[in-house]
Amino acid sequence: MEKKQDLRVTKTLEAIRDALIQLMEEKGFEAITIKDITAKARINRSTFYAHYQDKYHCLSSHESEFMEGIMDIARRHAAIRKTVGDSLPIAIDIFQYFYRNRDFLKVLLSPKGDPYFQSKLKQTTWELLYEKTAASLVDSEQMQVPPEFLASYISGAHLSVIQTWLDHGCKETPEEMAKILSVLTVKGPLRAAGLIRR
């Protein structure tokens with residue numbers, strides 16, 4: 001009986017999330033009402049309020065769940081050796097996760113999405129792919145720019161690449177995207193463009 005209840009709750013939460021995604025795409029988050037969500041999800045208001053305080057709590061809960069999925073991937077890769085090359089396996093897993101959640105991620109990163117989530121994702125991407133896997137390679141005395149600018153440049157570039165991939169329908173595989181980001185980050189944009197050949 002307990003498993004059936006869990007399955008019912010899971011399906012309800014999925015219906016709410018799907019409704020939220022569709023409505024954000026249609027009209028943007030601020031214009032959405034609880035009535036819109038419940039009608040689209042085909043649930044009553046009491047069911048919605050059994051899980052969420054309001055639409056803001058609903059959005060933040062789904063965003064937190066999404067971010068927790070990224071952290072789960074990071075935990076699975078926690079034992080990897082700390083070299084730049086080791087960032088590729090985690091990048092592949094993260095892009096596979098992005099692909100599975102592409103509808104949700106695409107709307108969150110769109111102009112109708114949540115700018116706070118975008119900042120959170122930028123910070124998390126930097127921390128997971130670079131700070132935690134390559135920290136031992138970074139000598140602050142050898143850096144040619146302040147670390148906060150490097151972090152902003154790399155995480156901002158990553159977010160832009162992810163948005164472009166989503167906007168173009170995720171035509172490249174997660175493996176291809178992980179390699180693209182690796183080339184851009186490790187070799188730099190000028191080498192990637194073929195302007196520097198060494």
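Look above for the structure.
Attention in this report is confined to the structure presented alongside it. (Residues numbered from 1 in each chain as written. Predicted model: local features only at pLDDT ≥ 70, side-chain atom pairs only at ≥ 80, totals over all residues. Heavy atoms only, no water.)

To continue, consider the side chain of threonine 12. Take threonine 12: it is sitting in helix α1 (residues 2-27). Judged by its relative accessible area of 18%, threonine 12 is buried. Contact partners of threonine 12, with chain neighbours within four places excluded, come to Ile43, Thr47 and His51. (Helix = DSSP H or I, 4+ residues; strand = E, 2+ residues; numbered from the N terminus. Buried < 20%, exposed > 50% of the residue type's maximum accessible area, 1.4 Å probe, protein only. Contact = heavy atoms within 4.5 Å.)

Once that is clear, we can look at a nonpolar patch on the surface. Together, Leu190, Leu195 and Ile196 line one region of the surface with nonpolar side chains, adding up to about 300 Å² of accessible area. Within the element layout of this structure, isoleucine 196 appears in the segment after α10 (189-192). Judged by its relative accessible area of 36%, isoleucine 196 is partly exposed. (Patch = residues over 30% accessible without salt bridge, like charges linked within 9 Å, V, L, I, M, F, W, Y side chains within 5 Å. Areas by Shrake-Rupley, 256 points an atom, 1.4 Å probe, with all protein chains shown as cover. Salt bridge = Lys/Arg side-chain N within 4 Å of Asp/Glu carboxyl O.)

Our focus in this paragraph is helix α8 (residues 147-167). Relative to the 30 Å expected for 21 residues at 1.5 Å per residue, α8 spans 30 Å between its end C-alpha atoms, a close match to the ideal helical length. Of the residues making up α8, those classed as buried are Ala151, Ile154, Ser155, His158, Leu159, Val161, Ile162, Trp165 and Leu166. The arc that holds every buried residue of α8, seen down its axis, measures 160°, which confines them to one face. Turned more than 90 degrees away from the buried face of α8 sit Phe149, Tyr153 and Asp167, all of them exposed. Two residues or fewer after α8 comes glycine 169, characterised by a positive phi angle close to 85°. (Expected span 1.5 Å × (residues − 1). Arc of directions from axis to C-beta.)

Below, the discussion takes up the packing of aromatic side chains. According to the stated counting rule, one finds 10 aromatic pairs in the structure shown. Relative to tyrosine 56, the ring of phenylalanine 29 has its centre 5.4 Å away and its plane inclined at 75°; by these criteria the two rings are edge-to-face. One end of the pair, phenylalanine 29, is in the loop between α1 and α2 (34-41); the other, tyrosine 56, is in helix α4 (residues 55-76), with 27 residues separating them in the sequence. Classification of phenylalanine 29 as buried rests on a relative accessible area of 7%. Each residue in the set Phe66, Phe95, Tyr97, Phe98, Tyr99, Phe104, Phe117 and Trp165 is aromatic and connected to the rest through ring pairs, giving one cluster. Positioned over the ring face of phenylalanine 104 is arginine 17, at 4.6 Å from the centre of the ring. Directly above the aromatic system of tyrosine 99 lies the positively charged group of arginine 102, at a separation of 4.0 Å from the ring centroid. (Phe/Tyr/Trp six-rings, centres within 6.5 Å; stacked < 30°, edge-to-face > 60°. Lys NZ or Arg CZ within 6 Å of the ring centre and 35° of its normal.)

Before going further, it helps to examine the pattern of salt bridges. This model, assessed by the stated rule, comprises four salt bridges. Salt-bridge contacts for glutamate 68 lead to arginine 75; the nearest nitrogen and oxygen are separated by 2.3 Å. According to the relative accessible area criterion, glutamate 68 is partly exposed, its value standing at 39%. Aspartate 72 is the partner of arginine 75 in a salt bridge, and the nearest nitrogen-oxygen pair spans 2.5 Å. On the criterion of helical spacing, the pair formed by arginine 75 and aspartate 72 is a turn pair, its members being three residues apart in helix α4.

The next subject is the environment of arginine 17. In this structure, arginine 17 sits in helix α1. Taking the C-alpha atoms as reference, arginine 17 lies 8.9 Å from isoleucine 37; in sequence the two are 20 residues apart.

Turning next to the packing of α8 against helix α9 (residues 174-187). Where α8 meets α9, the closest approach of the two axes is 11 Å, and the angle between their N-to-C directions is 145°. By crossing handedness, the relation of α8 to α9 is classed as right-handed. Between α8 and α9, the residues in contact are Ile154, His158, Val161 and Trp165 and Met177, Leu181, Leu184 and Thr185, respectively. For the contact of α8 with α9, the residue count by class is six nonpolar, two polar and no charged. (Axes fitted to C-alpha atoms, helices over the stretch in contact; angles between N-to-C directions. Left-handed = near helix turned anticlockwise from the far one by under 90°. Nonpolar A, V, L, I, M, F, W, Y, C, P; charged D, E, K, R; others polar.)

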